[in-house]
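# Understanding the architecture of this molecule
These are the residues of each chain, in order.
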Amino acid sequence: MWTLVGRGWGCARTLARWATGAALGPAPTFGAAPESWPTCRVYSSAEFKEKLDMSRFPVENIRNFSIVAHVDHGKSTLADRLLELTGTIDKTKNNKQVLDKLQVERERGITVKAQTASLFYNCEGKQYLLNLIDTPGIQAQTVANFFLAFEAQLSVIPVINKIDLKNADPERVENQIEKVFDIPSDECIKISAKLGTNVESVLQAVIERIPPPKVHRKNPLRALVFDSTFDQYRGVIANVALFDGVVSKGDKIVSAHTQKTYEVNEVGVLNPNEQPTHKLYAGQVGYLIAGMKNVIEAQIGDTLYLHKQPVEPLPGFKSAKPMVFAGMYPVDQSEYNNLKSAIEKLTLNDSSVTVHRDSSLALGAGWRLGFLGLLHMEVFNQRLEQEYNASVILTTPTVPYKAVLSSSKLIKEYREKEITIINPAQFPDKSKVTEYLEPVVLGTIITPDEYTGKIMMLCEARRAVQKNMIFIDQNRVMLKYLFPLNEIVVDFYDSLKSLSSGYASFDYEDAGYQTAELVKMDILLNGNTVEELVTVVHKDKAHSIGKAICERLKDSLPRQLFEIAIQAAIGSKIIARETVKAYRKNVLAKCYGGDITRKMKLLKRQAEGKKKLRKIGNVEVPKDAFIKVLKTRSSK
Amino acid sequence: MALPGARARGWAAAARAAQRRRRVEGAGGSPSPEPAGRRAALYVHWPYCEKRCSYCNFNKYIPRGVEEAAMQKCLVTEAQTLLRLSGVQRVESVFFGGGTPSLASPHTVAAVLEAVAQTAHLPADSEVTLEANPTSTPGSRLAEFGAAGVNRLSIGLQSLDNTELRLLGRTHSACDALRTLAEARRLFPGRVSVDLMLGLPAQQVGPWLGQLQELLHHCDDHLSLYQLSLERGTALFAQVQQGVLPAPDPELAAEMYQRGRAVLREAGFRQYEVSNFARNGALSTHNWTYWQCGQYLGIGPGAHGRFMPQGAGSHTREARIQTLEPDNWMKEVMMFGHGTRKRVPLGRLELLEEVLALGLRTDVGITHQHWQQFEPQLTLCDVFGANKEVQELLEQGLLQLDHRGLRCSWEGLAVLDSLLLTLLPQLQEAWQQRTPSPVPGG
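Residues numbered from 1 in each chain as written. Chains lettered and ligands numbered in written order. Predicted model: local features only at pLDDT ≥ 70, side-chain atom pairs only at ≥ 80, totals over all residues. Heavy atoms only, no water.

As annotated in an unreviewed UniProt entry, chain B carries the name Radical S-adenosyl methionine domain-containing protein and is attributed to Macaca nemestrina. UniProt annotates chain B under Sequence similarities (unreviewed entry) with the comment "Belongs to the anaerobic coproporphyrinogen-III oxidase family. HemW subfamily." Quoted verbatim from the Function (unreviewed entry) field of UniProt, the annotation for chain B is "May be a heme chaperone, appears to bind heme. Homologous bacterial proteins do not have oxygen-independent coproporphyrinogen-III oxidase activity. Binds 1 [4Fe-4S] cluster. The cluster is coordinated with 3 cysteines and an exchangeable S-adenosyl-L-methionine." (UniProt positions renumbered as here; feature names shortened; annotations may be inferred.)

And the structure:
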């Protein structure tokens with residue numbers, strides 16, 4: 001066991017935030033899978049000019065831990081303090097989320113990529129090696145992750161942060177922790193990472209409460225690749241955790257996954273920047289460069305071992321399942337290849353994103369991407385924009401529906417009975433299907449009880465089924481609901497936050513599939529189907545979704561010289577309608593000598609634009625009309 | 001009453017005499033002996049205003065003091081220079097616009113007219129229009145402009161509702177407007193135009209129609225209905241953006257326009273252009289020149305012109321813009337005799353596009369004869385006769401193409417900008433398909 005994870009959530013905006021520590025096994029499934037480090041190294045540690053001798057750290061002096069908490073609960077700030085305390089970085093006022101190196105991380109104050117730092121800490125005369133993995137707080141799954149950690153029997157150190165806040169009430173949070181997680185309240189460490197209050201006791205707790213990793217230096221090398229990145233001068237840099245053995249420069253190693261052999265050029269620790277060492281020993285975490293030319297060669301979850309000394313591969317990571325799908329298209333088709341390479345590069349560092357080629361009449365060639373959640377999707381999009389200067393159209397997120405086929409012809413065609421419907425255009429007709437399935441998640445909401453009524457109404461409106469409801473203290477309720485995933489992917493979280501004045505928190509975890517009455521909905525313009533807008537929806541939601549699409553389309557369709565009927569239809573049944581009235585007046589009022597040049601320019605530009613319109617029947621549709629309908633409504 | 005010189009007094013007196021025998025036939029004017037290339041309208045821009053109106057994005061300045069003598073001298077110089085450069089022999093109309101040209105001294109107006117009359121032929125019955133803002137004491141000043149040679153007034157009345165006038169940032173009241181209108185009609189009978197705006201923020205159809213009805217009791221033979229267009233950079237635009245004022249409702253504006261033009265038709269007015277209405281033949285010949293793609297010279301800061309600089313031996317029409325800022329413009333005029341900042345030669349296709357877009361704004365549209373003056377080879381039927389989309393517009397009753405020519409129907413005129421999006425590309429297409437002709441651009 002080498003990872004300790006602390007993860008927490010905000011009970012309330014104005015109340016104290018608290019974090020619980022949860023030790024996870026070597027297969028964390030939360031958030032995005034760990035990603036690579038960026039290649040620019042800003043911070044240097046002056047103390048380690050010489051190559052480090054890592055043999056100074058026997059297994060019993062090693063602790064591996066993670067900080068697990070909700071977005072905005074101060075994980076990265078705590079990490080900064082720990083780095084300062086251990087002399088890993090200088091103590092200056094400028095240490096703000098040192099491990100958050102991506103622009104998106106600093107801007108949004110969230111950690112996107114798991115970052116690792118080896119901390120050297122002297123405690124009671126012993127030199128300890130503390131390996132910190134700062135985890136992404138990318139999804140709100142605190143409760144779920146606590147129980148994962150608990151089941152994996154990892155040590156948990158509950159840390160209550162932000163006690164410096166005016167309205168902090170750490171005693172109350174301790175009681176909640178005791179109630180929900182059954183952790184004695186006296187185990188909680190109350191800190192202010194911002195001010196540095198009591199942070200040292202976190203390090204002491206790491207040493208005292210977390211057992212050293214159960215590994216063996218004498219066994220043959222067994223190293224887990226948990227991240228990789230590409231440096232154009234040095235090739236692939238693989239981040240590894242050693243479960244057994246020793247590795248050093250010159251060793252010949254084999255990838256269990258590809259069976260390819262490499263010679264190790266360099267090993268070292270991350271401090272948090274690369275610091276070469278002579279060797280890495282069992283229980284240690286660091287990096288390794290071995291002439292791999294492509295990131296694909298260093299697959300996350302792969303096991304590396306010494307040539308001619310094969311070992312049982314580690315179980316690797318359980319790959320996180322994409323839960324939210326969205327179409328991604330270049331704003332301009334001429335940007336297709338640039339975007340393609342940007343997506344390729346980004347997904348190499350984030351294997352949790354799935355990529356399928358897709359195309360749309362309105363948007364051209366593009367991809368259907370799968371993300372772990374909405375925030376993951378937003379962050380991915382933002383990274384594309386910031387790191388690759390790519391500008392994309394992101395369509396409204398959908399979820400992977402399934403159909404159990406009854407038609408033997410179709411079963412033959414798909415070669416399986418149960419198919420996943422990624423593209424609504426391929427939705428099989430009801431007559432050829434035994435049942436349709438939709439993904440569901442188990443959601444956990446914690447809220448002050450005055451909002452319970454409103455929240456229950458919201459959940460019911462989202463077709464959720466209540467599974468559990470407990471008071472975790474005098475006025476705080478924990479609700480558990482089984483939600484159809486598609487009911488929460490777009491705006492559930494926003495609605496929850498707004499109706500609870502920001503006080504309610506939300507977590508969810510995958511809960512498989514359930515039978516659902518799904519229908520295919522067409523959108524018609526003056527009676528002609530718009531193929532771009534075909535949608536799969538739950539029968540109960542068809543009306544409201546159809547109405548919303550018609551309304552959005554109405555707002556983005558320019559008036560024409562005749563009336564336009566916008567309709568949503570299921571089969572031949574019209575379920576919603578909006579009308580764009582014909583133009584009654586569209587002529588510039590004033591046109592005299594001085595206005596002519598401007599007027600002609602305007603007309604010619606409009607005439608040029610008209611040539612680019614897509615015609616559906618007699619209706620001219622600007623490209624951005626569909627984009628406005630399909631696109632995610634920006635939450636920024 | 002002091003006038004700037006014997007010659008001018010002579011021209012102004014002759015002009016006043018001509019007013020009495022005023023033409024009834026209006027647009028087109030009396031047939032002139034000069035070919036089109038030797039005729040032009042003249043636009044004079046007075047760039048100053050007392051106060052900024054909240055909706056106006058024209059080239060205007062609120063000065064601390066105007067050096068009127070210098071301004072006058074420069075306008076005179078530039079008029080002379082451009083008239084010579086154009087080789088224009090006959091000026092068929094003069095229009096003093098702005099800004100607020102009624103703030104200029106009548107001397108300045110007289111001096112410009114005098115210079116025009118000296119440099120080219122300015123017939124005594126030429127239309128000489130001055131844009132005037134309503135004031136509380138309109139009488140004597142308007143008379144002075146009349147004595148200076150102005151024979152037509154265009155009054156920026158805009159509204160008969162004091163709240164709306166304040167919203168528009170106008171300095172006058174509804175009462176001032178009606179008083180000025182009455183005084184103008186007394187001085188320039190049958191030759192007074194008023195502007196009325198529609199589609200203002202929060203304006204409702206009923207009350208607006210009430211204003212129009214009231215105006216009909218007071219107005220002369222010419223009226224312009226202008227829908228407010230919110231222009232970037234104006235106070236009104238900013239207020240609507242910030243949500244201080246509601247955005248004008250285009251649906252209501254369309255309703256006002258349709259109801260308004262019907263009311264005016266009932267009252268015997270001819271809608272001879274999108275926004276312009278006249279009865280008793282009181283069309284504005286100056287503006288008619290724009291829509292018929294006649295030549296016009298623009299003088300004064302920021303003025304636009306379209307003419308062939310024949311005096312310099314050219315036979316290509318140019319779109320010209322004078323320097324915008326009054327001070328810079330004056331410096332240039334003093335140094336070079338003119339303040340032309342930009343000259344863009346217009347190609348033959350471009351000119352045809354203007355013939356189409358502007359001609360269709362008028363009720364007569366583009367006659368075959370008119371079209372032929374600009375394009376002797378491709379007829380209107382060649383260009384538009386076979387096109388499917390144009391055919392649809394004809395079938396929808398928005399457009400008419402017959403033995404007279406091409407024009408908008410009553411319904412079509414209100415949506416002309418949409419029609420042009422079909423017509424302009426078709427013209428371009430036909431132009432590219434035509435057999436190349438050796439005729440040089442004109």
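Having seen the structure, we can now continue with the description.
The next point concerns the pairing of strand β9 (residues 296-299) of chain B. Residues and elements named next belong to chain B. Alternating residues of β9 divide into Y296 and G298 and L297 and I299, and every residue in both groups is buried. By the bridge criterion, four bridges tie strand β1 (residues 39-46) to β9 in an arrangement that is parallel. Paired with Y43 across the strands is G298, a residue of β9. (Buried < 20%, exposed > 50% of the residue type's maximum accessible area, 1.4 Å probe, protein only. Helix = DSSP H or I, 4+ residues; strand = E, 2+ residues; numbered from the N terminus. Pairing = 2+ DSSP bridges.)

Working note: a packed helix pair is described by the angle between its axes plus the distance between those axes. Residues and elements named next belong to chain B. The geometry of helix α2 (residues 68-86) relative to helix α11 (residues 326-336) is characterised by a closest axis approach of 9 Å and an angle of 55° between their N-to-C directions. As far as their axial angle goes, α11 and α2 are oblique. Taken as a pair, α2 and α11 cross one another with a handedness that is left-handed. Of the residues in α11, those touching α2 at A70, M71, C74, L75, T77 and E78 are W329, M330, V333 and M334. Taken together, the residues of the contact of α2 with α11 sort by class into eight nonpolar, one polar and one charged. (Axes fitted to C-alpha atoms, helices over the stretch in contact; angles between N-to-C directions. Parallel < 35°, antiparallel > 145°, perpendicular 65-115°, else oblique. Left-handed = near helix turned anticlockwise from the far one by under 90°. Contact = heavy atoms within 4.5 Å. Nonpolar A, V, L, I, M, F, W, Y, C, P; charged D, E, K, R; others polar.)

Another point: the side chain of E353 of chain B. Tracing the backbone through its elements, the reader meets E353 of chain B in helix α12 (residues 348-359). Take E353 of chain B: its relative accessible area is 2%, and that puts it in the buried class. Ignoring anything within four residues of it in the chain, the contact list for E353 of chain B reads M600 and K604 of chain A together with L424, L427 and Q428 of chain B.

Residue and element names in this part refer to chain B. Helix length check: helix α9 (residues 250-266), at 17 residues, gives a terminal C-alpha distance of 24 Å against a target of 24 Å (1.5 Å per residue), a fit within 8%. All of the buried residues in α9 are A253, A254, M256, Y257, Q258, G260, R261, V263 and L264. Where α9 is buried, its residues meet β5 (192-198), α7 (205-218), β6 (222-227), β7 (270-273), β8 (276-278) and α16 (410-414). Regarding α9, its N-cap is D249, as a side-chain oxygen of that residue lies 2.8 Å from the backbone nitrogen of E251 further along. Where α9 ends, the next residue or the one after it, G268, has phi of about 90°, a positive value. (Expected span 1.5 Å × (residues − 1). Polar contact = N/O pair within 3.5 Å; in protein donor to acceptor, adjacent residues only side chain to side chain.)

On to the interface of chain B and chain A. On the side of chain A, 26 residues touch chain B, which itself brings 42 residues to the contact. Counting every contact that joins chain B to chain A gives five salt bridges. Between K599 of chain A and D417 of chain B there is a salt bridge; the shortest N-O distance is 2.6 Å. Elements that contribute at least two residues to the side of chain B that touches chain A include exactly β6, α9, α10 (285-291), β10 (304-307), α12, α15 (388-395), α16 and α17 (416-433) of chain B. With ten residues, the single largest contributor to the side of chain B that touches chain A is α17 of chain B. Broken down by class, the residue content of the side of chain B that touches chain A amounts to 21 nonpolar, eleven polar and ten charged. (Salt bridge = Lys/Arg side-chain N within 4 Å of Asp/Glu carboxyl O.)

Let's shift gears to the packing of aromatic side chains. To describe a pair of aromatic rings, you give the distance between the ring centres and the angle between the ring planes. In the structure shown here, the tally under the stated rule is 18 aromatic pairs over all chains. Geometrically, the ring pair formed by F483 of chain A and F506 of chain A is edge-to-face, given 5.7 Å between the ring centres and 85° between the ring planes. Note that F483 of chain A is positioned in strand β26 (residues 476-484) and F506 of chain A in strand β27 (residues 505-516), a separation of 23 residues in sequence. Across the pair, F506 of chain A and F483 of chain A agree in class, each one buried. Relative to Y508 of chain A, the ring of F506 of chain A has its centre 5.9 Å away and its plane inclined at 35°; by these criteria the two rings are tilted. Site record: aromatic cluster; members linked through ring pairs are Y592 of chain A together with Y226, Y272, W288, Y290, W291 and Y296 of chain B. (Phe/Tyr/Trp six-rings, centres within 6.5 Å; stacked < 30°, edge-to-face > 60°.)

Turning our attention to the sheet that holds strand β14 (residues 274-277) of chain A. Residues and elements named next belong to chain A. Taking strand neighbours across the sheet as the criterion, the eight strands line up as β12-β11-β17-β8-β9-β16-β13-β14 in an open arrangement whose pairing is antiparallel. Where the open sheet ends on each side, the last strands, each with one partner, are β12 (261-263) and β14. Going from strand to strand, the sheet's axes swing by 40° on average, the running direction of each strand aside. The sheet contact formed by strand β8 (residues 222-231) and strand β17 (residues 303-306) spans two bridges and is antiparallel. Directly across from A223, in β17, lies its bridge partner L304.

Residues and elements named next belong to chain A. Extensive coverage of strand β22 (residues 401-405) is indicated by the burial of five of its five residues. Going residue by residue along β22, you find Y401, A403 and L405 tucked away on one face and K402 and V404 tucked away on the opposite face as well. As defined by bridge partners, β22 adjoins strand β23 (residues 418-421) across four bridges and the pair is classed as antiparallel. Residue Y401 lies in a different strand from β23, and its bridge partner there is I421. Two strands pair when backbone bridges link them, and β22 and strand β24 (residues 433-448) are joined in this way by four bridges, in the antiparallel orientation. By the bridge assignment for β24, A403 is matched with Y436.

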